[in-house]
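# Remarks on the overall topology
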Amino acid sequence: MKAALFDRVEHFTVIGKEVPKIKGNEVLIRVISAGICGSDIHAYLGKHPFRHPPSILGHEVVGKIIEVGNSVLTFEEGDMITIEPQIGCGNCHSCIKGDYNLCEEKVVLGTTKWDGSFAEYVVAKEKSVYKLPKTLTPDLAVLTEPLAVGVHAVNIAEVKQGDKVAILGSGPIGLVTAVAAHAKGAETICLTDAIDKNLEIGKKLCATDVVNVRYQSLKEYAAAHIGQFDHVFLTASYETIVDDALNIIKRKGRVISIALFEEQISIDLNRLMISEIQIYGSSMYVKKDFNMAIDILASRKYKLESLITHRYQFDKINEAMEVALTKNGSPIKIVLDMIKN
């Protein structure tokens with residue numbers, strides 16, 4: 001098979017490898033498409049905490065099962081699937097509580113311990129695989145994993161009917177977080193960004209308000225049009241994002257950090273204390289989030305296909321990563337197509 005080996009910082013080499021063998025509780029998947037995640041870009045630049053060369057990256061995946069292990073009970077050859085790209089140890093405090101996304105020993109797809117989906121074939125354990133509804137096309141299903149990130153954050157925030165939500169950053173994760181918040185009943189959804197194209201897509205998805213922060217103060221816009229927010233999600237990693245969030249959050253409101261920050265960010269703890277503002281981290285997802293993401297996609301209520309702005313054939317991965325870095329053509333979600341579907 002062919003695979004894109006992340007062999008050094010800022011470089012992939014397409015290599016030949018043997019098709020991986022499966023164990024009894026695993027399935028072999030022919031990859032159809034794989035999305036490029038922000039964490040893949042961080043890895044490509046040598047700035048990710050645990051994605052390092054040499055490895056095969058890729059964890060946003062849709063594919064077809066071509067072989068099942070002899071102890072697999074819930075899947076068969078030909079099933080269209082996606083993968084939840086993490087496996088907890090099963091024994092630690094976090095795993096026992098059901099928070100296996102926080103397991104310190106978990107194995108993650110697209111690392112040195114589990115070859116990722118930037119390849120023609122990938123192996124996954126039965127418990128990590130999700131069968132996709134027949135109404136869900138591969139083009140849309142490749143967004144399951146990023147949408148699950150947004151769903152998890154919204155569930156942590158406990159967004160409910162009628163809430164006011166602000167999402168600071170309208171990249172792929174910001175946009176899917178908006179969709180997840182809307183699906184949970186948020187009435188006001190304000191998106192910010194410095195790129196009009198992203199904000200326009202946000203409006204077509206579900207946003208009630210958009211603010212281009214290059215030209216307008218979020219604090220002033222909120223004061224004039226919305227008031228204070230119940231929840232603020234940090235989905236970008238610019239230096240002043242925490243101050244922006246604290247300027248618009250209500251007392252006892254929740255600020256949820258999803259973004260991966262390359263630098264330390266300072267926080268005025270006195271402002272937290274005075275207003276009892278609550279700050280939460282949101283890391284990946286758990287099974288219920290993945291199932292909710294699939295349900296949202298299958299409903300076809302949201303035009304999430306609009307997030308996929310660029311597609312490349314698998315062997316053009318270096319070109320795709322360069323576009324992701326330079327932002328040439330204002331990419332939002334870039335997808336690698338492994339095979340024609």
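For the structure itself, consult the block above.
For the largest pocket, the calculated volume is near 1,500 Å³. Around the largest pocket sit 49 residues that line it, and Gly 38, Ser 39, His 42, Ile 173 and Leu 260 are the ones nearest its centre. Broken down by secondary-structure element, the contributors of at least two residues to the lining of the largest pocket are helix H1 (38-44), helix H4 (144-157), helix H5 (172-183), strand S11 (188-193), helix H11 (317-326) and strand S17 (333-337). The element that contributes the greatest number of residues to the lining of the largest pocket is H1, accounting for four residues. In the lining of the largest pocket, the residues fall into 25 nonpolar, 16 polar and eight charged.

A separate point is H4. Compared with an ideal rise of 1.5 Å per residue, which puts 14 residues at 20 Å, H4 spans 20 Å between its outermost C-alpha atoms and is within 8% of the ideal. Extensive coverage of H4 is indicated by the burial of 13 of its 14 residues. Just past H4, the residue Glu 158 takes up positive phi, approximately 60°.

Turning to the packing of aromatic side chains, a few remarks are in order. Tallied over the full model, the rule gives five aromatic pairs. Where Phe 12 meets Tyr 44, the ring centres are 5.7 Å apart and the plane angle is 10°; that geometry is what we call stacked. With Phe 12 in strand S2 (residues 11-16) and Tyr 44 in helix H1, the pair connects residues that are 32 residues apart, well separated along the chain. On the accessibility criterion, Tyr 44 (4% relative accessible area) is buried. Taking the centre distance of 4.9 Å and the plane angle of 35° together, the rings of Tyr 130 and Phe 290 count as tilted.

With that out of the way, let us pick up the pattern of salt bridges. Scanning all chains against the criterion turns up 13 salt bridges. Put simply, Glu 26 and Lys 125 hold a salt bridge, and the shortest N to O gap is 3.9 Å. Of this pair, Glu 26 sits in strand S3 (residues 26-36) while Lys 125 sits in strand S8 (residues 121-125), placing them 99 residues apart in sequence. Since its relative accessible area comes to 25%, Lys 125 is described here as partly exposed. Where Arg 254 meets Glu 158, a salt bridge forms, and the shortest distance between an N and an O atom there is 3.6 Å. One end of the pair, Arg 254, is in strand S14 (residues 249-257); the other, Glu 158, is in the loop between H4 and strand S10 (164-168), with 96 residues separating them in the sequence. For Arg 254, a relative accessible area of 16% translates into the label buried. The structure contains a network of salt bridges with shared partners spanning Asp 139, Arg 311 and Asp 337.

Definitions and limits used
The numbers attached to residues start from 1 for each chain and follow its sequence in the written order. The predicted origin of the model limits local features to residues at a pLDDT of at least 70 and limits the giving and counting of side-chain atom pairs to 80 or more, whereas totals for whole chains, interfaces and linings rest on all residues. Side-chain measures here rest on the full set of heavy atoms in the structure, leaving out hydrogens and waters. Whether a set of points on the 1 Å grid over the protein atoms alone is a cavity depends on a 1.4 Å probe fitting there but being unable to get out, while an open set qualifies as a pocket with protein on both sides within 12 Å along at least five of seven lines; lining residues are those with an atom within 4 Å of a point. Grid points are joined across faces, edges and corners, and a volume is the space filled by probe spheres set on the points. A run of H or I in DSSP becomes a helix once it reaches four residues, and a run of E becomes a strand once it reaches two; helices and strands are each numbered from the N terminus. The nonpolar class holds Ala, Val, Leu, Ile, Met, Phe, Trp, Tyr, Cys and Pro. Asp, Glu, Lys and Arg form the charged class, and all remaining residues, Gly among them, are polar. By this rule, a helix spans an expected 1.5 Å times one less than how many residues it contains. Three exposure classes are used, based on accessible area relative to the maximum for each residue type with a 1.4 Å probe and protein chains only: buried under 20%, partly exposed in between, and exposed over 50%. Two aromatic rings from Phe, Tyr or Trp, using only the six-membered ring of Trp, form a pair when their centres are within 6.5 Å; if the ring planes differ by under 30 degrees the pair is stacked, by over 60 it is edge-to-face, and anything between is tilted. The working definition used for a salt bridge is a side-chain nitrogen of Lys or Arg within 4 Å of a carboxyl oxygen of Asp or Glu.

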